[in-house]
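What the coordinates show
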Amino acid sequence: MERPAPELNRLCDSPTLLRPIFSMSIATALAHHRHLIFFLLWLTIPEVTARVLPNIVILYADDMGVRDVSYGDPNAKIQTPNIDRLANGGMTFTDGHSSSGICTPSRFALLTGQHHWRRFHGIVGAFGKSVFEPGDFTIAKMLKLHGYKTGCFGKWHLGWDWDAIRKPNISQKERGKAASYDWTKPFPGGPLDQGFDRYFGDGTINFPPYCWIDNDRFQTIPTRQVIKSRPLAGGGSFRPGPMAETWDPYAILPTVTKKTVEWIGEQKGDNPFFAYLAFNSPHYPIVPNNAFHGKSEAGFYGDFVVETDAMVGKILNTLNQKGFTENTIVIFTADNGAENLAFDRLEKFNHWSSGKYRGVKRDLYEGGHRVPFIIRWPGQIKAGSHSDEVVSQVDFAATFAEIIGRRLKNDEAIDSYSLLPVIKGENLEAPLRVATVQNTNKGEYALRQGDWVLINTASGATRKEPAAYLQRFGLSSYPKDTPGLLYHLKDDPGQKNNRYQEEPERVASMLDLLNRYLAGERCAPIRTQ
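This report concerns the structure included in the present document. (Residues numbered from 1 in each chain as written. Predicted model: local features only at pLDDT ≥ 70, side-chain atom pairs only at ≥ 80, totals over all residues. Heavy atoms only, no water.)

1. Let's talk about the environment of Ile 56
- Mapped onto the elements, Ile 56 comes out in strand S1 (residues 55-61).
- Among the residues examined, Ile 56 registers a relative accessible area of 0% and is labelled buried.
- Taking the C-alpha atoms as reference points, Ile 56 and Phe 274, separated by 218 residues in sequence, lie 4.7 Å from one another.
- The contacts of Ile 56, once residues within four sequence positions are left out, are Leu 143, Tyr 148, Phe 273, Phe 274, Ala 275, Thr 328, Ile 329 and Phe 400. (Helix = DSSP H or I, 4+ residues; strand = E, 2+ residues; numbered from the N terminus. Buried < 20%, exposed > 50% of the residue type's maximum accessible area, 1.4 Å probe, protein only. Contact = heavy atoms within 4.5 Å.)

2. Observations concerning the sheet that holds strand S5 (residues 198-203)
- Pairing in this open sheet of ten strands is mixed, and the strands run S7-S6-S5-S4-S10-S1-S11-S12-S2-S13 from one edge to the other. Across the chains shown, the open sheet's two edge strands, defined by having one partner strand only, are strand S7 (217-218) and strand S13 (385-387).
- Pairing of S1 with strand S10 (residues 273-278), which is carried by five bridges, proceeds in the parallel orientation. The partner of Ile 56 across the bridge, within S10, is Phe 274.
- Contacts between helix H12 (residues 396-404) and the sheet are confined to S1, strand S11 (328-334) and strand S12 (373-376), with S11 contributing the most and set at about 180° to the helix. (Pairing = 2+ DSSP bridges. Axes fitted to C-alpha atoms, helices over the stretch in contact; angles between N-to-C directions.)

3. Overview of the pattern of salt bridges
- Applying the stated criterion across every chain, the model contains 26 salt bridges.
- Asp 197 is paired through a salt bridge with Lys 144; the nearest N and O atoms lie 3.0 Å apart. Taken together, the residues Asp 197 in the loop between strand S4 (149-155) and S5 and Lys 144 in helix H8 (residues 139-145) connect sequence positions 53 residues apart.
- For Arg 433, the salt bridge identified is with Asp 395, shortest N-O distance 2.9 Å. Remark: Asp 395 occurs in the loop between strand S14 (391-392) and H12 and Arg 433 occurs in the loop between helix H13 (420-423) and strand S15 (436-439); sequence separation between them is 38 residues. Both residues of the pair, Arg 433 and Asp 395, belong to the buried class.
- Salt bridges here are not isolated pairs; linked through shared partners, they connect Asp 62, Arg 107, Lys 155 and Asp 335. (Salt bridge = Lys/Arg side-chain N within 4 Å of Asp/Glu carboxyl O.)

4. Section: the packing of aromatic side chains
- Considering all chains together, one arrives at 32 aromatic pairs under this definition.
- When the centroid spacing of 6.2 Å and the interplanar angle of 20° are considered together, the rings of Phe 196 and Tyr 276 count as stacked. Of this pair, Phe 196 sits in the loop between S4 and S5 while Tyr 276 sits in strand S10, and the two are 80 residues apart along the sequence.
- Following the ring pairs from residue to residue traces out a cluster consisting of Tyr 60, Phe 108, Phe 120, Phe 132, Trp 156, Phe 196, Phe 274 and Tyr 276.
- When the ring centre of Tyr 301 is taken as origin, the NZ or CZ atom of Arg 345, which lies over that ring, is 3.5 Å away.
- For the cation-ring pair, Lys 424 lies above Trp 377, with the distance from its terminal atom to the ring centre recorded as 5.3 Å. (Phe/Tyr/Trp six-rings, centres within 6.5 Å; stacked < 30°, edge-to-face > 60°. Lys NZ or Arg CZ within 6 Å of the ring centre and 35° of its normal.)

5. Focus on the pairing of strand S16 (residues 445-449)
- Of all five residues making up S16, four are buried, and the element is well covered by its neighbours.
- Between S15 and S16, which follow one another and run antiparallel, lie five residues, and Gly 443 among them has a positive phi close to 85°.
- Adjacent in sequence and paired antiparallel, S16 and strand S17 (residues 452-455) are bridged by two residues, among which Gly 450 carries a positive phi angle near 65°.

6. Brief notes about the side chain of Thr 325
- Here Thr 325 is to be found in the loop between helix H10 (299-321) and S11.
- At 2.4 Å, the side chain of Thr 325 and the side chain of Asn 320 are in polar contact.
- Once residues within four sequence positions are removed from consideration, Thr 325 is found in contact with Leu 316, Leu 319, Asn 320, Arg 376 and Pro 378. (Polar contact = N/O pair within 3.5 Å; in protein donor to acceptor, adjacent residues only side chain to side chain.)

7. Some thoughts on the packing of helix H6 (residues 81-88) against H10
- In the contact formed by H6 and H10, the axes pass within 7 Å of each other and the chain directions differ by 50°. Between H6 and H10, the angle falls in the class oblique. In this structure, H6 uses Pro 81, Asn 82, Ile 83, Arg 85 and Leu 86 to contact H10, whose residues at the interface are Asp 309, Ala 310, Val 312, Gly 313, Leu 316, Asn 317 and Asn 320. (Parallel < 35°, antiparallel > 145°, perpendicular 65-115°, else oblique.)

8. Remarks on the sheet that holds S16
- The antiparallel open sheet is built from four strands, whose spatial order is S15-S16-S17-S18. The strands lining the two open edges of the sheet, one partner per strand, are S15 and strand S18 (485-488). Pairs of neighbouring strands in the sheet enclose a mean axial angle of 15°, with direction left out of account.
- Strand direction decides the pairing type here: S17 and S18, joined by four bridges, are antiparallel. Note on S18: the bridge partner recorded for Leu 454 is Leu 486.

9. With respect to unusual backbone geometry
- Omega for the peptide link from Pro 208 to Pro 209 comes to 0°, which places this bond in the cis form.
- A cis geometry characterises the amide bond from Ser 281 onward to Pro 282, with omega recorded as 0°.
- Relative to the elements of secondary structure, Pro 282 occurs in the loop between S10 and H10.
- Of note in the backbone geometry, Asn 215 takes a positive phi value of approximately 60° without being a glycine.

10. Some thoughts on the nonpolar core
- Core analysis: the largest hydrophobic core is formed by 120 residues, its most contacted members being Ile 58, Ile 139, Phe 274, Tyr 276, Phe 332 and Ile 375.
- Per element, the largest residue contribution to this core is nine residues, and it comes from H10.
- Apart from residues no more than four positions distant in its own chain, Phe 274 is found in contact with Ile 56, Ile 58, Ile 139, Ala 140, Leu 143, Tyr 148, Lys 149, Thr 150, Gly 151, Phe 196 and Trp 263. (Core = buried A, V, L, I, M, F, W, Y, C linked by side-chain atoms within 4.5 Å.)

11. Topic: helix H11 (residues 342-349)
- Turning to H11, its buried residues are Ala 342, Phe 343, Arg 345 and Leu 346. The buried residues of H11 occupy an angular sector of 165° when projected down its axis, which confines them to one face.
- Packing partners of the buried residues in H11 comprise H10 and helix H14 (467-473). (Arc of directions from axis to C-beta.)

In C-alpha cells form, the structure reads like this:
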C-alpha cells in the first residue's frame, strides 16, 4: 500500500495553513486558496504522493572471474543459467570493478561508497577487529533510515569486537583457542552495528571460529580445536582455530541461501527491503555438494560456480513467488577475480576465468578486479542491455541514494558516482567517472582514466606469473626496475604492450591525479547541497 507523501502529512498537520480554509465557505476558500487546493489535489496523484521505493538485493560472489559466467554461451565450460537469466533481464557491465583485488577492502568499499585504500589495504585476519569507525556511513544505515528492512547473510569478513567476548588476561598466544572466549555473550561490532536488522552467517569460510552466527549471538559453539582440515572436494583448507562439533563446510552455501530466502519470504511489501547475500563461493575451500559434481567442464571449481548459480536461482524464484520481482533491483557481482588456481584450470580444462584479461585475484592487472557486474531493475533498465562504461562497486552508494531521494552529505560516500544516467540509457558526452583507482598492496595502485590504465609499479601481478601462461598469451614479465606500466585497454585488453615510455605527458598527468587522490582528494565531484 502506498504511503502518504511527507509533504501532504505536513500540510494536513499544519493549522496555520489549513485554518483559513475551514473558517470560510467552500466557495470562498476555493477562490482564495485555489493554488493550495490544486497543490493538495496534485499530491494525491499516485506517482507523486509516494516514492515507491524499490527493494534492493545484492548477490556477492567470492573470487569469481568475468569468464566464469556463461552469458548464454553454449560453449562455455561453466554454465550459469540463473545468472544469465538475470543478465537477460537487465544490464551487463563489461567494465565493472571491485575496489580491490582482495576480499575485505572490496566489501568495505561497496558498503561505504569510499575506497578502502583511504584507510587500509589488507584483509581482516582471524579474530581481527572491525575496519569500521564510529559514525561511518554505510548503505545499510542509509536505507534503514528511509524505512528499509535490512538483512545481511553469509560472509562478513569486515571484523568484529572480539574484546567483548574474550576472557580476561588472555595472552596473544592463547587468542586462537576456544577456551579463551565466552561464546554465550552478545557479539558486537558486526553487521548489526553497520545498519543491518538481521544477520546470519559464518563470518569467513576459511577463518576461525567455524560456527554459525545469528544476529549478534553464536548459534553453534566452537569447542573443537582444528589443527588441520580434512580433505575437501576441490582443494583449499581451514586455518587452525576453534570449530563447532557439527560444522560442515559443504552446508555453508545452501544454508546462507536458505536463510536469505526465508527472510525475503517474511517481507510483507509494506516496507522496502535490502538483502545483502555474500556467498562463500567459489572461494577456497572449494566445496561443491555432491549433486553438483561434474556439472561443469572446469573441475570442482566450475562445479562450485554452478552451485552458486543455483543459489542465485533460488533467490530469483523467491522474488517471483512473493511478487517482488517487478519492484526489486537485483545486483550480481564479485569481490575480486578468481584465485591463482585459475592458472591450473587453464592448463587442465582450457578455461581462463579472466577471459581476455590479464591477471587473477590480488593483481592490479584487470583480471584482479574486473568482475561480473549485472544489474536488473524491471521497467527501469532495458532488458538484455550492455554498457561498456567504467563503473565501480563504490558507485552503489550514490546510486541508491539518488533512487530513494537521499541527498548525500559531502563527507559521505566520497568516491561514489550515481549510475542512474548509465542504467537509464542516457547518452553521456564524457565518461561517467573522472578516474577509477584500484589497489591491493600499500603503495601500489592502478589508475584508470578513459581507455587508459596506469600502474605505478614494475608489475601488475602480485605473485610470479607462470611461464606457460605468459607464453600462451604472448605476455612479457618486466624487470624490477621498470618505472611503471601504461596500457590502452580498448586496443590492448590483455595488457601486452607497455606504453609508459611512449606517453610521458599522459603518464605525468595520470600520476599527478593519482597522487592528488592519495593525498585526500575525493574521486566523486563535490555535491551541491
